[in-house]
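Each chain is listed here by its residues.
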Amino acid sequence: MSGKRISLTLKVWRQESAKDAGKMATYEVKDINDEMSFLEMLDVLNEQLVTKGERPITFDHDCREGICGACGFVINGHAHSKEKEITVCQLHMRKFQDGETLVLEPWRAKAFPVLQDLMVDRSAFDRIQAAGGYTSVHTGSAVDANSILIPKVDADAAFDAATCIGCGACVASCKNASAMLFVGAKVSQFALLPQGQVERERRVKAMVERMDAEGFGNCTNEYECEAACPKGISVTNIARMNREFLKAAVTDQG
Amino acid sequence: MSNGTGKFLSSSLGKKFVMGLTGFLLVAFMIVHLLENLSLYVDVDHGSAFIAWVEKLHLLGPFIWVLEFGLALLFGVHVWMALKLTAENRAARPTPYVMKKTFGESTLASRNMFVTGVLILGGLILHLIHFRFSKGLHAPAPADLFARVREVLANPIWAGFYVVFGILVGIHVSHGFRSAFQSFGANHPRINCCVRRCSVALGVILALGFASFPIMALISWR
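Cut-offs used in this document
- Residues numbered from 1 in each chain as written.
- Chains lettered and ligands numbered in written order.
- Predicted model: local features only at pLDDT ≥ 70, side-chain atom pairs only at ≥ 80, totals over all residues.
- Heavy atoms only, no water.
- Helix = DSSP H or I, 4+ residues; strand = E, 2+ residues; numbered from the N terminus.
- Buried < 20%, exposed > 50% of the residue type's maximum accessible area, 1.4 Å probe, protein only.
- Contact = heavy atoms within 4.5 Å.
- Areas by Shrake-Rupley, 256 points an atom, 1.4 Å probe, with all protein chains shown as cover.
- Lys, Arg positive; Asp, Glu negative; His and termini not counted.
- Charge placed at Lys NZ, Arg CZ, Asp CG, Glu CD.
- Arc of directions from axis to C-beta.
- Salt bridge = Lys/Arg side-chain N within 4 Å of Asp/Glu carboxyl O.
- Patch = residues over 30% accessible without salt bridge, like charges linked within 9 Å, V, L, I, M, F, W, Y side chains within 5 Å.
- Domains from an automatic or database assignment.
- Buried area = accessible area lost by both parts, 1.4 Å probe.
- Polar contact = N/O pair within 3.5 Å; in protein donor to acceptor, adjacent residues only side chain to side chain.
- Nonpolar A, V, L, I, M, F, W, Y, C, P; charged D, E, K, R; others polar.
- Core = buried A, V, L, I, M, F, W, Y, C linked by side-chain atoms within 4.5 Å.
- Axes fitted to C-alpha atoms, helices over the stretch in contact; angles between N-to-C directions.
- Left-handed = near helix turned anticlockwise from the far one by under 90°.

The next subject is the overall build of chain B. Summing up its helical and strand segments, chain B has nine helices and zero strands in all. Sequence-ordered secondary structure for chain B, helices as α and strands as β, is α-α-α-α-α-α-α-α-α. For the C-alpha atoms alone, the extent of chain B along its principal axes is close to 55 × 45 × 40 Å. In chain B, buried positions account for 41% of the 222 residues. Across chain B, the fraction of contacts at a sequence separation of at least 24, relative to all contacts at a separation of at least 6, is 77%. Total accessible area on chain B stands at roughly 11,800 Å², and carbon and sulfur atoms take up 73% of it. Side chains of chain B carry 19 positive and 9 negative charges; the gap between the two charge centres is 19 Å.

Buried within helix H3 (residues 48-58) of chain B we find Phe50, Ile51 and Val54 of chain B. For H3 of chain B, the angular spread of buried residues about the axis comes to 95 degrees, placing them on one side.

This next bit is on the pattern of salt bridges. Taken as a whole, this structure holds 18 salt bridges over all chains when the rule is applied. Note that Glu214 of chain A and Arg127 of chain A form a salt bridge whose closest N and O atoms lie 2.6 Å from each other. In this pair, Glu214 of chain A is assigned in the loop between helix H6 (200-213) and helix H7 (224-228) and Arg127 of chain A in helix H2 (residues 123-132), connecting sequence segments 87 residues apart. On the accessibility criterion, Glu214 of chain A (11% relative accessible area) is buried. Across the pair Arg178 of chain B and Glu105 of chain B runs a salt bridge, and its minimum N-O distance is 3.5 Å. Here Arg178 of chain B, found in helix H8 (residues 156-183), pairs with Glu105 of chain B, found in the loop between helix H4 (63-91) and helix H5 (108-111); they are 73 residues apart in sequence, far enough to count as distant. Look at Arg178 of chain B and you get buried, because its relative accessible area is 13%. Taken together, the shared-partner salt bridges in this structure form one network comprising Arg14, Glu16, Arg55 and Asp117 of chain A.

Moving on, we come to unusual backbone geometry. Residues and elements named next belong to chain A. One non-glycine residue, Asn76, adopts positive backbone phi at about 50 degrees. Mapped onto the elements of the fold, Asn76 is located in the loop between strand E3 (74-75) and strand E4 (78-79). Among the residues examined, Asn76 registers a relative accessible area of 15% and is labelled buried. Positive phi is not limited to glycine here, since Asn221 has a value of about 55 degrees. Judged by relative accessible area, Asn221 falls into the buried class, the value being 3%.

Another point: a nonpolar patch on the surface. Residue and element names in this part refer to chain B. A contiguous nonpolar patch, built from Ile31, Val32, Leu35, Leu38, Tyr41, Trp53, Leu57, Leu60, Phe63, Val66 and Leu67 and spanning about 910 Å² of accessible area, is present on the exposed surface. Elements supplying a minimum of two residues to the nonpolar patch: helix H2 (12-38), H3 and H4. In terms of residues, the nonpolar patch owes the most to one element, H2, which gives four residues. Within the secondary structure, Phe63 is located in helix H4.

Residue and element names in this part refer to chain A. Under the domain assignment used here, chain A contains domain 1 (5-115) and domain 2 (122-136 + 148-253). Its C-alpha centre places domain 1 at a distance of 28 Å from the equivalent point of domain 2. The interface of domain 1 with domain 2 comprises 19 residues on the first partner and 21 residues on the second. Of the roughly 1,400 Å² buried at the junction of domain 1 and domain 2 (both faces included), carbon and sulfur atoms supply 60%. Applying the counting criterion to the domain 1 and domain 2 interface returns one salt bridge. A salt bridge links Asp60 to Arg122; the nearest nitrogen and oxygen atoms lie 3.2 Å apart. At the surface where domain 1 touches domain 2, the tally comes to five residue pairs in polar contact (both at pLDDT 80 or more). For the side of domain 1 that touches domain 2, a count of residues per class yields 10 nonpolar, four polar and five charged.

Ranked by internal contacts, the top residues of the largest apolar core, which has 50 residues, are Phe125, Val171, Val183, Met211 and Phe216 of chain A. Mapped onto this core, the elements with two or more residues apiece are H2, helix H4 (169-173), helix H5 (180-191), H6, H7 and helix H8 (236-251) of chain A together with H2 of chain B. Per element, the largest residue contribution to this core is six residues, and it comes from H5 of chain A. Of the residues that make up this core, three or more belong to each of domain 1 (5-115) and domain 2 (122-136 + 148-253) of chain A. If you look at the next biggest cluster of nonpolar residues, it comprises 30 residues, including Ala25, Ile57, Phe96 and Leu102 of chain A.

Moving on, we get to the interface of chain B and chain A. Across the contact, 38 residues belong to chain B and 48 residues belong to chain A. Between chain B and chain A, the buried area comes to about 3,700 Å², and carbon and sulfur atoms account for 55% of it. Contact with chain A buries surface across chain B, with Leu13, Phe103 and Gln182 of chain B losing the most and accounting together for 20% of the total. Counting across the interface, chain B meets chain A through zero salt bridges. Counting across the interface, chain B meets chain A through 27 residue pairs in polar contact (both at pLDDT 80 or more). Elements with a minimum of two residues in the side of chain B that touches chain A: helix H1 (3-10), H2, H4, H5 and H8 of chain B. A class-by-class count of the residues in the side of chain B that touches chain A yields 13 nonpolar, 15 polar and 10 charged.

The next point concerns the packing of helix H3 (residues 152-162) of chain A against H5 of chain A. Residue and element names in this part refer to chain A. One way to put it is that H3 packs onto H5 with a least axis distance of 8 Å and a crossing angle of 145 degrees. Of the two possible hands of crossing, H3 and H5 adopt the one that is left-handed. Note on element contacts: H5 touches H3 through Ala185, Ser188 and Gln189, opposite Ala158, Ala161 and Ala162. Of the residues in the contact of H3 with H5, the class split is four nonpolar, two polar and no charged.

This is how it looks when you write it as structure tokens:
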């Protein structure tokens, strides 16, 4: 590695468990190569903490290439950082200045309880998905290609909605900790396609009901979620969910 | 109320829908109210056009009570939904961020909907005491109402109060109007730009419109 070397002050949220109150702790990280990723920088800090006999900072991560949705925390007040359309694992240290102070916090939402430090429990999203985020499909012999024709605009819009990785940045950035962008995307990706029609009404009602039961807030239409989404998912998906929900309330028999 | 309707109204999306719908109807009322008030400019000293308009309203007889009840119901539902939604939103984030920044479309108006809403409600109560209930439960006679308008607005303190009241209404509507479109699911590139501009324009028109009467009063009636 041949990058510039920088030093930073990190203020990190430390919390032992879900029951612990938690507090900010300050760490100095020195001589960081600016070609490192942000998570690699935290790996370096954690190695130093382990060497000193302290507990390393807990944070979620998996693929480290922005596609799995595992990582995510708030850096200086922005979910996944102030850079547009990236997850925290895609963030590089060259985006920061030498001597900068960074505040690292977990997603803050009642529905996302902190498990430890920067790691939160996002199983509320799994339960919303389980409530209706699936389709009934023919599982017998292989279906002929192109037997179901889908208009290009619908296919594109469904795909855009389906790029949601469920990281939770929408909830984290919303002032009401609302999950509407996530649920809107999940409802939309199926509502737009022929395969999603079987459970269409039942799906939106079940997913919204689950979302409400999990304790997420309501949408105030400030679109912070869209600005924070690493996949650039549009709030038009929330509007589609609103339409689907209204239609389902009128037409669904179940 | 069927079970389905109850479920819709108790859901997060249903509540936002009701919020938007009642807000829309209240905006429609305020536009009519503003148009009515504009009649004050026709005959500033004697208010003949204003009195004529109010006399026409009195011709509605008992039906005016139905309209007043409907209007009170709209306000009541709007306020009730606001309280419920705000309480839920506060509960959804029990631990605040140490540092939080916005970079979406958050505005002064959108961030303070609850604050402006509470202030407008307080202002509305005073407004009703000033004019609607100035003679007790029954609405004052048209000429008495005009005299009361002159008396209240000629007072610089109340004139200032009504200027602020008008501006608060404008700020509240400038976010509420466009927000309601999204709550109804009306989000499309073809209309979004127009909705945003209309929302701001409506807020400015209501603010300037309502604030203009106390200013006129200070100039003409003192």
